[in-house]
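A structural walkthrough
For reference, the chains in residue letters:
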Amino acid sequence: GAVVSQHPSWVICKSGTSVKIECRSLDFQATTMFWYRQFPKQSLMLMATSNEGSKATYEQGVEKDKFLINHASLTLSTLTVTSAHPEDSSFYICSAKSGTVYEQYFGPGTRLTVT
Amino acid sequence: SQQGEEDPQALSIQEGENATMNCSYKTSINNLQWYRQNSGRGLVHLILIRSNEREKHSGRLRVTLDTSKKSSSLLITASRAADTASYFCGFNNAGNMLTFGGGTRLMVKP
């Protein structure tokens, strides 16, 4: 149980284009989803928290107009990187939790490369 | 901002040896969780220890928590080559969010 998927697993895009990453909870209802960014050999940095049906809460320093997050259903959240630049190249990981349960379940990550 | 630290940053041991990694944090917490990450993959939840617990076991894993020192340790006994991965501690304070330590990269040599 508690499986989270991400799609795509990797994507290469050109500078200036937008990329959408999907995060799905496959066997539970994710009332809260989180998006993280991870640079090579570094820890995960939380970008934003989203609750189903509500606007996402962004961490300090994360541009909400650049990283659009939508959590329209209890099983799906999307992260759209708008007008991508090479410095947006990173590993993006989502996680999901249900209700008041503390454990978060992570997706396998999406490797974004902006050329 | 990252409010947790882990040490060592990297650890190399032989198969069969025990591996110990430590995590320290700065705020009060509700619980602390340990995760494993294989290269280029997502995180796998290993174990959760609540703030009122001092020790917890799961298979070859043993986690301790000392809230007075704001620290936790993860012990992997009888390590295997398949244990090679990065290990992160993450802790919950008052809210939903997890704050992660910097991670320990463990290499287990066969």
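Residues numbered from 1 in each chain as written. Chains lettered and ligands numbered in written order. Predicted model: local features only at pLDDT ≥ 70, side-chain atom pairs only at ≥ 80, totals over all residues. Heavy atoms only, no water.

Before going further, it helps to examine the packing of aromatic side chains. One pass over the structure, following the stated rule, counts 10 aromatic pairs over all chains. Their ring planes at 40° and their centres at 5.6 Å tell us that Tyr36 of chain A and Phe106 of chain A sit as a pair that is tilted. Within this pair, whereas Tyr36 of chain A is found in strand β4 (residues 32–38), its partner Phe106 of chain A is found in strand β10 (residues 105–106), the two being separated by 70 residues in sequence. Judged by relative accessible area, Phe106 of chain A falls into the buried class, the value being 9%. Consider the rings of Phe106 of chain A and Tyr35 of chain B, whose centres lie 5.1 Å apart with planes at 80°: the pair is edge-to-face. Linking Phe106 of chain A in strand β10 with Tyr35 of chain B in strand β4 (residues 31–37), this pair reaches from one chain into another. Summarising the burial analysis for this pair, Phe106 of chain A and Tyr35 of chain B share the class buried. Through a chain of ring-to-ring contacts, the aromatic side chains of Phe34, Tyr36 and Phe106 of chain A together with Tyr35, Phe88 and Phe100 of chain B assemble into a single cluster. (Phe/Tyr/Trp six-rings, centres within 6.5 Å; stacked < 30°, edge-to-face > 60°. Helix = DSSP H or I, 4+ residues; strand = E, 2+ residues; numbered from the N terminus. Buried < 20%, exposed > 50% of the residue type's maximum accessible area, 1.4 Å probe, protein only.)

All names here are of chain A. On the secondary structure map, Gln6 appears in strand β1 (residues 4–7). Here Gln6 falls in the buried class, since its relative accessible area comes to 9%. Here the side chain of Gln6 touches Tyr92 through a polar contact of 3.0 Å, landing on its backbone oxygen. Looking at Gln6, its side chain comes within polar contact range of the main-chain nitrogen of Gly109, at 3.0 Å. (Polar contact = N/O pair within 3.5 Å; in protein donor to acceptor, adjacent residues only side chain to side chain.)

Residue and element names in this part refer to chain A. With antiparallel pairing, the four strands of this open sheet are ordered in space as β1-β3-β8-β7. The outermost strands of the open sheet, each flanked by one partner alone, are β1 and β7 (67–73). With direction set aside, neighbouring strand axes in the sheet form an average angle of 15°. Alignment of β1 against strand β3 (residues 19–25), held across four bridges, turns out to be antiparallel. Counterpart to His7 in the pairing with β3 is Glu22. (Pairing = 2+ DSSP bridges. Axes fitted to C-alpha atoms, helices over the stretch in contact; angles between N-to-C directions.)

All right, on to the state of the cysteines then. Residue and element names in this part refer to chain A. The full count for this structure, using the stated rule, is two disulfides over all chains. Between the sulfur atoms of Cys23 and its disulfide partner Cys94 the distance amounts to 2.0 Å. Taking the sign of the S-S torsion, 80° for the link of Cys23 and Cys94, the bridge is right-handed. One end of the pair, Cys23, is in strand β3; the other, Cys94, is in strand β9 (residues 90–97), and 71 residues separate them in sequence. (Disulfide = S-S within 2.5 Å.)

Chain-level pLDDT for chain B is 92 on average; 95% of the residues reach the 70-or-more range. In the model of chain B, strand β1 (residues 4–7) of chain B stands out as the element of lowest mean pLDDT, 86, in contrast to strand β7 (residues 61–66) of chain B, which has the highest, 98. (pLDDT = per-residue confidence, 0-100.)

Here we come to the nonpolar core. One finds Trp35, Leu79, Tyr92 and Leu112 of chain A to be the most contacted residues of the largest nonpolar core, which totals 23 residues. Those elements that place two or more of their residues in this core are β2 (10–13), β3, β4, β5 (44–51), β7, β8 (76–81), β9 and β11 (110–114) of chain A. Every residue in contact with Leu112 of chain A, bar those within four places of it in the chain, is listed here: Val11, Cys13, Val19, Val81, Asp88, Ser89, Ser90 and Tyr92 of chain A. Ranked by size, the runner-up nonpolar core spans 22 residues in total, among them Cys23, Ile47, Ile49 and Leu65 of chain B. (Core = buried A, V, L, I, M, F, W, Y, C linked by side-chain atoms within 4.5 Å. Contact = heavy atoms within 4.5 Å.)

Let's shift gears to the confidence of the model for chain A. Here chain A averages 93 in pLDDT, while 99% of its residues score no lower than 70. Within chain A, the element-level pLDDT minimum falls on β7 of chain A, averaging 91, and the maximum on β11 of chain A, averaging 97.

On to the interface of chain A and chain B, then. The parts lose accessible area when they come together, and the size of an interface is often stated as this lost area. On the side of chain B, 23 residues touch chain A, which itself brings 21 residues to the contact. Taken over both partners, the interface formed by chain A and chain B buries close to 1,700 Å², and the fraction arising from carbon and sulfur atoms is 57%. The largest share of the area that chain A buries against chain B comes from Ser43, Tyr102 and Phe106 of chain A, three residues that together contribute 32% of it. On inspection of chain A and its partner chain B, the count reaches zero salt bridges. At the junction of chain A and chain B, the tally comes to five residue pairs in polar contact (both at pLDDT 80 or more). Broken down by secondary-structure element, the contributors of at least two residues to the side of chain A that touches chain B are β4, β5 and β9 of chain A. Looking at which element gives the most residues to the side of chain A that touches chain B, the answer is β4 of chain A, with four residues. Across the side of chain A that touches chain B, the residue classes break down as 10 nonpolar, six polar and five charged. (Buried area = accessible area lost by both parts, 1.4 Å probe. Salt bridge = Lys/Arg side-chain N within 4 Å of Asp/Glu carboxyl O. Nonpolar A, V, L, I, M, F, W, Y, C, P; charged D, E, K, R; others polar.)

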